[in-house]
Amino acid sequence: MLPVDPFIGLGQATRMNAKQKTIALVTGASRGIGRQVAQDLADAGYRVVCAARTTSAVDELAREIGGVPLTMDLLQTDSINKGIDWVESHVGPIGVLVNNAGIATSAPLPQTTLDIWTQTIQVNLTANFLLTQRCLPKMVAQGEGRIVFVASNAGLTGYAYTSAYCASKHGVVGLMRSLAAEYAKTGVTINAVCPGFVDTDMTTAAIEKIKTATGRDETKARSALERMNPQGRLIGVDEVSHAVMSLLPYEARGINGQAIALDGGQVMK
Ligand code: NAP
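Residues numbered from 1 in each chain as written. Predicted model: local features only at pLDDT ≥ 70, side-chain atom pairs only at ≥ 80, totals over all residues. Heavy atoms only, no water.

Our next topic: the environment of V140. Along the chain, V140 falls in helix α5 (residues 114-142). Exposure remark for V140: the relative accessible area of 33% places this residue in the partly exposed category. Sequence-wise, V140 and T186 are 46 residues apart; in three dimensions their C-alpha atoms are separated by 5.7 Å. Sequence-distant contacts of V140, defined by excluding residues within four places in its chain, comprise Y183, T186 and V188. (Helix = DSSP H or I, 4+ residues; strand = E, 2+ residues; numbered from the N terminus. Buried < 20%, exposed > 50% of the residue type's maximum accessible area, 1.4 Å probe, protein only. Contact = heavy atoms within 4.5 Å.)

Here it is, written out as structure tokens:
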């Protein structure tokens, strides 16, 4: 377990007296990075709202970690608003928002349909905007809060055949930087972690795509992605979660507006 103070700020004493836990909402908690972050948050003492579309997966995770399941489809603005309304009225004000859910789309520009573009921007960027807009007022009212975007190093540099994904992740980094400046005096910090290829289903799907497009076998396709990281490996979900968790304690209150690359040194800015 990480040595993290689960009570992030000025209201710590009040909440500890009232035996209240900070409420953390994690999107994309049904698998991969989000699932690990939700587990680590619960281990560190947060009350975790586990959100995704797959009800069975968030139900199971919430049972496992003593959290709260939330079925939410980020393609639907209505679902986002209803989800936040429900959390605020049945669980409480959200103190930590981890905007993690995302989809990876890849295609050469001529095959990047408007549908691919619109869905990628909606899930990876617009949903983050909507969730953040809904959660910030309560954090500001409490004088503290943490927002962490799980962006990508595709938000820091360009990669071929991923125009919609890269644009969405650059958008996330821009959104994060703008809000970090706008809310700097409120006690809320806003940051992004930007991983390279992580060992999750998303990368498994990328490997399948490479195999189909190039005729390479599993080992060669996987090693093409591993070699993009100067350390010659995929990043683990534990590493991404650790980076997220490190931004939460009171002692991290000075870290604001940062896009933290987590890719073995692939992108240096
Ligand atoms: P993953 O294993 O594919 O999981 C994606 C998560 O997003 C799932 O929990 C999925 O849940 C949720 N999601 C997808 N569409 C959704 C929608 N319409 N509404 C609500 N939830 C939705 O991916 P991952 O690798 O953990 O990626 C997590 C984040 O890290 C993403 O933002 C991704 O872009 C970023 N990232 C990943 C990598 C990588 O190599 N894997 C690298 C850099 C950045 P449901 O399907 O149950 O809804």
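So much for the structure itself; the text now carries on.
With parallel pairing, seven strands are arranged side by side in an open sheet as β3-β2-β1-β4-β5-β6-β7. Single-partner strands in this sheet number two, and they are β3 (68-71) and β7 (259-262). The average undirected angle you get between the axes of adjacent strands in this sheet is 20°. The sheet contact formed by strand β2 (residues 47-52) and β3 spans four bridges and is parallel. Bridge assignment links V49 to a residue of β3, and that residue is V68. Along the sheet, helix α6 (residues 163-182) makes contact with β5 (145-150), β6 (188-195) and β7, crossing β6 at roughly 155°. (Pairing = 2+ DSSP bridges. Axes fitted to C-alpha atoms, helices over the stretch in contact; angles between N-to-C directions.)

The ligand sits among 31 residues. The nearest are S30, T54, N100, Y165 and T200. Within the side chain of R53, an N or O atom sits 2.7 Å from an oxygen atom of the ligand. Within the complex, 96% of the 880 Å² of free accessible area of the ligand lies under protein. Top element by residues in the shell around the ligand is helix α7 (residues 201-214). It accounts for three residues. (Near = heavy atom within 4 Å. Polar contact = N/O pair within 3.5 Å; in protein donor to acceptor, adjacent residues only side chain to side chain. Areas by Shrake-Rupley, 256 points an atom, 1.4 Å probe, with all protein chains shown as cover.)

Before going further, it helps to examine the packing of α7 against helix α8 (residues 218-226). Where α7 contacts α8, the axes come no closer than 9 Å and their chain directions differ by 120°. Comparing their axes, α8 and α7 come out oblique. The way α7 lies across α8 gives a crossing that is right-handed. In contact with T203, A206, I207, E208, I210 and K211 of α7, α8 contributes E218, A221, R222 and L225. (Parallel < 35°, antiparallel > 145°, perpendicular 65-115°, else oblique. Left-handed = near helix turned anticlockwise from the far one by under 90°.)

Attention now goes to the packing of aromatic side chains. All told, the structure shown has zero aromatic pairs when counted by the stated rule. Directly above the ring of Y250 sits R253, whose terminal nitrogen or CZ lies 4.1 Å from the centroid. (Phe/Tyr/Trp six-rings, centres within 6.5 Å; stacked < 30°, edge-to-face > 60°. Lys NZ or Arg CZ within 6 Å of the ring centre and 35° of its normal.)

Another point: the domain arrangement of the protein. If you check the domain split of the protein, you get domain 1 (12-196 + 236-257) and domain 2 (198-234). Counting residues at the interface gives 15 residues for domain 1, matched by nine residues for domain 2. Counting the surface lost from both domain 1 and domain 2, the interface buries some 750 Å², and carbon and sulfur atoms represent 60% of this. For the pair domain 1 and domain 2, the number of links is two salt bridges. The residue E239 makes a salt bridge to R233 at a minimum N-O spacing of 2.9 Å. Applying the counting rule to domain 1 against domain 2 returns three residue pairs in polar contact (both at pLDDT 80 or more). (Domains from an automatic or database assignment. Buried area = accessible area lost by both parts, 1.4 Å probe. Salt bridge = Lys/Arg side-chain N within 4 Å of Asp/Glu carboxyl O.)

Core analysis: the largest hydrophobic core is formed by 38 residues, its most contacted members being L25, L74, I94, L131, F149 and I190. Looking at this core element by element, the count peaks at nine residues for α5. Dropping the residues within four chain positions of it, I94 is found in contact with I23, L25, I84, V87, C135, M139 and Q142. Counting residues in each nonpolar core, the second largest holds 32 residues, with A29, V193, V237 and M245 among its members. (Core = buried A, V, L, I, M, F, W, Y, C linked by side-chain atoms within 4.5 Å.)

Another aspect to go through is the side chain of T27. By secondary structure assignment, the location of T27 is in strand β1 (residues 23-27). Exposure remark for T27: the relative accessible area of 1% places this residue in the buried category. Separated by 2.9 Å, the side chain of T27 and the backbone nitrogen of A101 make a polar contact. Leaving out residues up to four positions away in the same chain, T27 has contacts with G34, A51, M72, L74, V98, N99, N100, A101 and L131.

Attention now goes to the pattern of salt bridges. When their charged atoms lie close together, side chains carrying opposite charge are able to pair. As enumerated under the stated definition, the model contains 11 salt bridges in all. D199 is the partner of R222 in a salt bridge, and the nearest nitrogen-oxygen pair spans 3.5 Å. In this pair, R222 is assigned in helix α8 and D199 in the loop between β6 and α7, connecting sequence segments 23 residues apart. Owing to a relative accessible area of 42%, D199 belongs among the partly exposed residues under this scheme. You can call R222 partly exposed: its relative accessible area is 27%.

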